[in-house]
Amino acid sequence: MPGAVRLEPVDERNLESLLSVAAAEAEPDDVMPPVEAPAGWSLARREAFRNYHRGSFGGLDGPTGSQMYAVTVGGEVLGMIRMTRCDEPGTVEAGIWLGRSARGQGIGAAALRGLLIAAAGAGMRNVVAETTPDNAGAIAVLQKCGATLREAGGKVHAEICLDSTPPAR
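This report concerns the structure included in the present document.

What counts as what
- Residues numbered from 1 in each chain as written.
- Predicted model: local features only at pLDDT ≥ 70, side-chain atom pairs only at ≥ 80, totals over all residues.
- Heavy atoms only, no water.
- Helix = DSSP H or I, 4+ residues; strand = E, 2+ residues; numbered from the N terminus.
- Buried < 20%, exposed > 50% of the residue type's maximum accessible area, 1.4 Å probe, protein only.
- Contact = heavy atoms within 4.5 Å.
- Areas by Shrake-Rupley, 256 points an atom, 1.4 Å probe, with all protein chains shown as cover.
- Lys, Arg positive; Asp, Glu negative; His and termini not counted.
- Charge placed at Lys NZ, Arg CZ, Asp CG, Glu CD.
- Pairing = 2+ DSSP bridges.
- Axes fitted to C-alpha atoms, helices over the stretch in contact; angles between N-to-C directions.
- Core = buried A, V, L, I, M, F, W, Y, C linked by side-chain atoms within 4.5 Å.
- Phe/Tyr/Trp six-rings, centres within 6.5 Å; stacked < 30°, edge-to-face > 60°.

So, on to the overall build of the protein chain. In terms of helices and strands, the protein chain carries 5 helices and 7 strands. The helix and strand sequence of the protein chain, counted from the amino end, reads β-α-α-α-β-β-β-α-β-α-β-β. Structurally, the protein chain occupies a C-alpha span of about 45 × 35 × 35 Å along its principal axes. Going through the 169 residues of the protein chain one by one, you find that 44% of them count as buried. Sequence separation of at least 24 residues holds for 56% of the intrachain contacts in the protein chain that already meet a minimum separation of 6. Of the roughly 8,700 Å² that the protein chain leaves accessible, carbon and sulfur atoms contribute 50%. Averaging the locations of the 16 positively and 20 negatively charged side chains of the protein chain gives two centres separated by 4 Å.

This is how it looks when you write it as structure tokens:
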């Protein structure tokens, strides 16, 4: 089991570390929305990554309605987890990515449990997520954290009701 997993709001202090992990251990389309830029981790794509994350600096009440956290263990940034307000009041969508070297160690589930606590603290009642049926790692993390899963339209939809599902330990 890894050391203590901590969530730190993404800001200028950890943004470059987050970008370094993304560029070294993830594909651009796995960690940010698609952008018109040369393939791979080009300078334009790196700047788009920075701008995408800077857009969340205002948190849930900011212009993007997103709060992003760097996932850290022992002070080392290993990935990112976010929650974004949905149209339905009291509901946020969760998204997560971890660098390849951090996967399969329980870090994702620990990070999601931390996000569920933060979401409940922000007054949210439901956390939803979406993944693909072939993303076994994401599905396992969602199941470990008490999500109700349903498959439809080639996607796996997950819902965690914070009123009835205390975050698993």
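Now, onward.
So, about the sheet that holds strand β5 (residues 126–131). One open sheet accounts for 7 strands, arranged β1-β2-β3-β4-β5-β7-β6; its pairing is mixed. In this open sheet, the two edge strands, each paired with only one partner strand, are β1 (5–9) and β6 (148–152). Going from strand to strand, the sheet's axes swing by 30 degrees on average, the running direction of each strand aside. Direction of pairing for β6 relative to strand β7 (residues 155–161): antiparallel, over a ladder of 5 bridges. Across the sheet, the residue bridging to Leu 149 is Ala 158, located in β7. Sheet strands in contact with helix α4 (residues 107–121) are β1, β2 (66–73), β3 (76–85), β4 (91–98), β5 and β7, and its direction is about 40 degrees off that of β3.

This part covers the pairing of β4. In terms of burial, β4 is largely enclosed, as 6 of its 8 residues are buried. Relative to β4, β3 runs antiparallel, the two sharing 7 bridges. Each residue of the ladder has a partner; that of Ile 81, found in β4, is Ile 96. Counting the residues between successive antiparallel strands, the hairpin from β3 to β4 contains 5 residues, one of them, Gly 90, with a positive phi of roughly 80 degrees. By the bridge criterion, 3 bridges tie β4 to β5 in an arrangement that is parallel.

A word on the nonpolar core. Soluble, globular proteins show a tendency: their nonpolar side chains are buried together. Of all hydrophobic cores here, the largest spans 28 residues; its most connected members are Leu 112, Val 127 and Ile 160. Contributions of two or more residues to this core are made by β2, β3, β4, α4, β5, α5 (136–144) and β7. Contact partners of Leu 112, with chain neighbours within four places excluded, come to Ile 81, Ala 94, Val 141, Leu 142, Cys 145 and Ile 160. Val 10, Met 32, Ala 48 and Val 77 belong to the second largest nonpolar core, which has 17 residues in total.

Take the packing of aromatic side chains next. Within this structure, the stated rule accounts for 1 aromatic pair. With a centroid separation of 5.8 Å and an interplanar angle of 75 degrees, the aromatic rings of Trp 41 and Phe 49 are classed as edge-to-face. Both residues of the pair, Trp 41 and Phe 49, belong to the buried class.

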